[in-house]
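# Close look at the chain arrangement
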Amino acid sequence: MTTPRIVTLTMNPALDIATSADVVRPTEKIRCGSARYDPGGGGINVARVAHVLGAAVSAVFPVGGPIGDLLAQLIKDAGVPHRRIEIGESTRESFTVNERHTNEQYRFVLPGPHLTISERARCLDELRKVAAGAEFVVASGSLPPGVPPDLYQRVADVSRELGALFILDTSGHALASMHTGVFLLKPSLRELREHVGRDLRTEAEQLAAARELIDAGITQAVVVSLGSQGALLVTAAHSQRFRAIPARPVSSVGAGDAMVAGITVGLSRGWSLSEAVRFGIAAATAMLLTPGTEVPTRAAVERFFGIVGQPTDFEPVGG
């Protein structure tokens, strides 16, 4: 087996179920169309997209019960190398309904299983084994109920021990518990706003908030995803603004994970951080155009990469 250059960790995977209905109304039976089943959870989505893009990647995740078995089988069927950790409680499901009448999307996300202390320890042990020799470790997504919020800090410590660069996409208490060791952090604007406790209405405020994370020593770089407004890349030395590619989304589920995958794959190819972010925007755009959490094709990502505009540079820090 090829040693993976990218290893992802998903502590709270989910079986993603997507369907559609004419109209979603309270108290009524909602007659849905056929369902689509995809393996989900942040790191799993990152691994699936990275695999399609040709990267040597492996996904590490805990699963339990029949739902966990189905999720793991779907990952195997997709050809994604992985390491599953068996847990006692059942893997969660996530349910998405696209309302055909309005083109609105309704997302129902369950909290996930409780992991025992030994199960959490096994996750870190397996990550340490699989990521030995890896170039990047990516942790993405929520933590299951009861898991200490500093678990991702422990992942950062493991990554440093292994000599791998740590890329993190999380929010809430898990983000608040980080204090060092992240190479690149990718919050959405909402997640960044919640973290700093401010509205961040202007671009200058958004840049300042991202720099607070860098100045605190948490991360070396921050990519703030802005949805239809594009993205911001912030480092200690410079900042750039990237425009989004206009697209009418089929499903927004997994777009942020696809961005992380594109960025990580670009970096694994030896590209600059700026070029890698452009590739991430291309991957996210392609993901928006697929149903449920179906991953885009490599050709689609490469096509969008060809039309992603060059970023706008901001004034250097202290300039």
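Residues numbered from 1 in each chain as written. Predicted model: local features only at pLDDT ≥ 70, side-chain atom pairs only at ≥ 80, totals over all residues. Heavy atoms only, no water.

- The name that an unreviewed UniProt entry assigns to the protein chain is Carbohydrate kinase PfkB domain-containing protein, with the source organism given as Mycolicibacterium elephantis DSM 44368.
- In its Sequence similarities (unreviewed entry) section, the UniProt record describing the protein chain reads: "Belongs to the carbohydrate kinase PfkB family." (UniProt positions renumbered as here; feature names shortened; annotations may be inferred.)

### Re the sheet that holds strand 9 (residues 165-169)
- Pairing within the open sheet is mixed, and its ten strands lie in the order 5-4-1-8-9-10-11-12-13-14. The strands lining the two open edges of the sheet, one partner per strand, are strand 5 (82-86) and strand 14 (312-313).
- In this sheet, strand 12 (residues 231-235) lies alongside strand 11 (residues 219-225) in antiparallel orientation, the contact comprising five bridges. Counted as the bridge partner of Ala 221 is Thr 235 from strand 12. (Pairing = 2+ DSSP bridges. Helix = DSSP H or I, 4+ residues; strand = E, 2+ residues; numbered from the N terminus.)

### Considering helix 7 (residues 203-215)
- Across its 13 residues, helix 7 extends 18 Å between first and last C-alpha, which sits within 8% of the 18 Å expected from 1.5 Å per residue.
- Gln 206, Leu 207, Ala 209, Ala 210, Leu 213 and Ile 214 are the residues of helix 7 that are buried. Down the axis, helix 7 shows its buried residues gathered within 160° of arc, on one side only. Residues of helix 7 that are exposed and angled more than 90 degrees away from the buried face: Ala 204 and Asp 215.
- Structurally, helix 7 contributes buried residues whose contacts are with strand 10 (182-185), helix 6 (189-196), strand 11, strand 12 and strand 13 (239-242). (Expected span 1.5 Å × (residues − 1). Buried < 20%, exposed > 50% of the residue type's maximum accessible area, 1.4 Å probe, protein only. Arc of directions from axis to C-beta. Contact = heavy atoms within 4.5 Å.)

### Here's the deal with the environment of Phe 279
- Secondary-structure assignment places Phe 279 in helix 9 (residues 273-288).
- For the pair Phe 279 and Thr 219, spaced 60 residues apart in sequence, the C-alpha separation works out to 21 Å.
- When neighbours within four sequence positions are excluded, Phe 279 is seen to be in contact with Leu 53, Gly 262, Val 265, Gly 266, Arg 269, Trp 271, Val 301, Glu 302 and Phe 305.

### Some thoughts on the packing of helix 3 (residues 117-130) against helix 4 (residues 151-162)
- Contact geometry of helix 3 with helix 4 gives a least axis separation of 10 Å together with a crossing angle of 25°. Taken together, the axis directions place helix 3 and helix 4 in an arrangement best described as roughly parallel. At the point where helix 3 passes helix 4, the crossing takes the right-handed sense. Between helix 3, through Leu 124, Leu 127 and Arg 128, and helix 4, the contact on the second element is made entirely by Arg 154, Val 155, Val 158, Glu 161 and Leu 162. (Axes fitted to C-alpha atoms, helices over the stretch in contact; angles between N-to-C directions. Parallel < 35°, antiparallel > 145°, perpendicular 65-115°, else oblique. Left-handed = near helix turned anticlockwise from the far one by under 90°.)

### Brief notes about the sheet that holds strand 7 (residues 104-109)
- Strand order across the open sheet formed by four strands is 3-2-6-7, with mixed pairing between neighbours. Either end of the sheet is taken by a strand with one partner, and the two such strands are strand 3 (36-40) and strand 7. Direction aside, neighbouring strands of the sheet carry axes that sit 20° apart on average.
- Pairing geometry for strand 2 (residues 14-21) and strand 3, over five bridges, is antiparallel. When the sheet's bridge partners are listed, Ala 14 is paired in strand 3 with Gly 40.
- Against the sheet, helix 2 (residues 65-77) makes contact with strand 2, strand 3 and strand 6 (92-99), and its axis sits at roughly 85° relative to strand 3, the strand it touches most.

### Regarding the packing of aromatic side chains
- Per the counting criterion, the structure on display carries four aromatic pairs.
- Ring geometry for Trp 271 versus Phe 279: centroids 5.1 Å apart, planes at 75°, classification edge-to-face.
- Here Phe 279 falls in the buried class, since its relative accessible area comes to 0%.
- Taking 5.3 Å as the distance between ring centres and 5° as the angle between the ring planes, the aromatic pair formed by Trp 271 and Phe 305 counts as stacked. One end of the pair, Trp 271, is in the loop between helix 8 (255-268) and helix 9; the other, Phe 305, is in helix 10 (residues 298-305), and 34 residues separate them in sequence.
- Using a relative accessible area of 27% as the deciding quantity, one classes Trp 271 as partly exposed.
- Ring pairs connect the aromatic residues Trp 271, Phe 279 and Phe 305, which therefore count as one cluster.
- Lying across the ring of Phe 304, Arg 303 places its NZ or CZ 4.6 Å from the centre. (Phe/Tyr/Trp six-rings, centres within 6.5 Å; stacked < 30°, edge-to-face > 60°. Lys NZ or Arg CZ within 6 Å of the ring centre and 35° of its normal.)

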